[in-house]
Amino acid sequence: MTQQTLLHDLKAQIITDGICQDLASQATQLVMGDGKPDADIVFIGEAPGKNEDQQGLPFVGAAGKFLNEMLAAAEMERADVYITNIVKYRPPNNRDPLPEEKKAFWPYLLRQIEIINPKVVITLGRHSGAYFIPDLQISKDHGHARKVKYHDKEFLVIPLYHPAAALYNGGMRQTLIDDFLKAAAYARSV
Ligand code: URA
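Presented here is an overview of the structure given in this document. (Residues numbered from 1 in each chain as written. Predicted model: local features only at pLDDT ≥ 70, side-chain atom pairs only at ≥ 80, totals over all residues. Heavy atoms only, no water.)

## Describing the site of the ligand
For step 1, the next point in the chain: Residues in contact with the ligand, as listed here, are Gly45, Glu46, Ala47, Pro48, Glu52, Pro58, Phe59, Asn85 and His162.
For step 2, the next point in the chain: One nitrogen or oxygen atom from the main chain of Glu46 is found 2.8 Å from an oxygen atom belonging to the ligand.
For step 3, the next point in the chain: In the environment of the ligand, a nitrogen atom lies 2.7 Å from a nitrogen or oxygen atom belonging to the side chain of Asn85.
For step 4, the next point in the chain: Summarising the interface, the protein chains cover 90% of the accessible area of the ligand, which totals 240 Å² for the free molecule.
For step 5, the next point in the chain: Residue composition of the shell around the ligand, grouped by class: 4 nonpolar, 3 polar and 2 charged. (Near = heavy atom within 4 Å. Polar contact = N/O pair within 3.5 Å; in protein donor to acceptor, adjacent residues only side chain to side chain. Areas by Shrake-Rupley, 256 points an atom, 1.4 Å probe, with all protein chains shown as cover. Nonpolar A, V, L, I, M, F, W, Y, C, P; charged D, E, K, R; others polar.)

## Some remarks on the side chain of Ser128
For step 1, the next point in the chain: You can see Ser128 is positioned in helix H6 (residues 126-132).
For step 2, the next point in the chain: Dropping the residues within four chain positions of it, Ser128 is found in contact with Ile44, Gly45, Ile86 and Thr123. (Helix = DSSP H or I, 4+ residues; strand = E, 2+ residues; numbered from the N terminus. Contact = heavy atoms within 4.5 Å.)

## Looking at the nonpolar core
For step 1, the next point in the chain: Core analysis: the biggest nonpolar cluster contains 32 residues, and Ile44, Tyr89 and Phe132 have the highest contact counts within it.
For step 2, the next point in the chain: Of all elements in the fold, only helix H1 (3-16), helix H2 (21-26), strand E2 (41-45), helix H5 (99-116) and strand E6 (153-160) reach the threshold of two or more residues within this core.
For step 3, the next point in the chain: The greatest single-element share of this core, amounting to 8 residues, is contributed by H5.
For step 4, the next point in the chain: Those residues within four positions of Ile44 in sequence are excluded, and the remaining contacts are Thr84, Asn85, Ile86, Leu109, Ile113, Val121, Ile122, Thr123, Leu124, Ser128 and Phe132.
For step 5, the next point in the chain: Counting residues in each nonpolar core, the second largest holds 27 residues, with Phe66, Leu67, Ala166 and Ala187 among its members. (Core = buried A, V, L, I, M, F, W, Y, C linked by side-chain atoms within 4.5 Å. Buried < 20%, exposed > 50% of the residue type's maximum accessible area, 1.4 Å probe, protein only.)

## Focus on unusual backbone geometry
Most peptide bonds take the trans form, and the phi angle of most residues other than glycine is negative.
For step 1, the next point in the chain: Although it is not a glycine, Cys20 sits at a positive phi angle of roughly 50°.
For step 2, the next point in the chain: Along the chain, Cys20 turns up in the loop between H1 and H2.
For step 3, the next point in the chain: By relative accessible area, Cys20 is classed as buried at 15%.
For step 4, the next point in the chain: One non-glycine residue, Asn93, adopts positive backbone phi at about 55°.

## Focus: the pattern of salt bridges
For step 1, the next point in the chain: Here the structure, examined in full by the defined rule, presents 13 salt bridges.
For step 2, the next point in the chain: A salt bridge links Glu69 to Lys65, with the shortest nitrogen-to-oxygen separation between them at 3.8 Å. In this pair, Glu69 and Lys65 both sit in helix H4 (residues 62-73), 4 residues apart, roughly one turn of the helix.
For step 3, the next point in the chain: Accessibility expressed as a relative area gives 54% for Lys65, which makes it exposed.
For step 4, the next point in the chain: When the shortest N-O distance is used, the salt bridge between Asp96 and Arg126 registers 3.3 Å. Here Arg126 lies in helix H6 and Asp96 lies in the loop between strand E3 (82-85) and H5, a separation of 30 residues in the sequence.
For step 5, the next point in the chain: The partly exposed category is assigned to Arg126, whose relative accessible area is 48%. (Salt bridge = Lys/Arg side-chain N within 4 Å of Asp/Glu carboxyl O.)

## A look at the packing of aromatic side chains
For step 1, the next point in the chain: Scanning the entire structure with this criterion turns up 5 aromatic pairs.
For step 2, the next point in the chain: Seen in terms of ring centroids, Phe43 and Phe180 are 5.5 Å apart; in terms of plane orientation they differ by 5°. Their pairing is stacked. Remark: Phe180 occurs in helix H9 (residues 170-189) and Phe43 occurs in strand E2; sequence separation between them is 137 residues.
For step 3, the next point in the chain: Ring centres 4.8 Å apart and planes at 40° place the aromatic pair Trp106 and Tyr131 in the tilted group. Taken as a pair, Trp106 in helix H5 and Tyr131 in helix H6 lie far apart in primary sequence, 25 residues in all. (Phe/Tyr/Trp six-rings, centres within 6.5 Å; stacked < 30°, edge-to-face > 60°.)

Spatial relationships are all this shows, so hold off on functional conclusions.
Shown next, in the form of structure tokens:
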């Protein structure tokens, strides 16, 4: 089976398993991910927002535009990487995902990463970052690669600030761009 088929089956599984019914009933659709099913780099954000919910694709709003700009600066395109979120339904009114929602989606996210088998996982924001790096201090740890073990799985994780948080904050924006270029160079070197 191809990785694309496995990802498609995983999406169907999330629906048949009835994950986060409450979120699902308020969302337009499940936003699984976008990009290359065998990408070397997987980006993991928090949860879909309004635009993502409507289009069925992650990071297509303002934060997505900024992400696309950083990809272009790193001479990459969305089609070269894979982009997803820890929580795959839009939380109502764009509230933060709840701990139980992240927990419910976590095994599916792990399976998704296992299927893609990337060299590097880049987390965007503390919601996904803290799931891979439980003692994450984003202000200290941003941009630094860490080997993380989860049961029998090992990941190379680089936690970054969330593009939406950095978008309108000049200092954080430049830090994210610098981290992003460093992370892309690192991913190319491993
Ligand atoms: N923010 C996220 O974390 N994910 C998206 O898909 C869009 C905005």
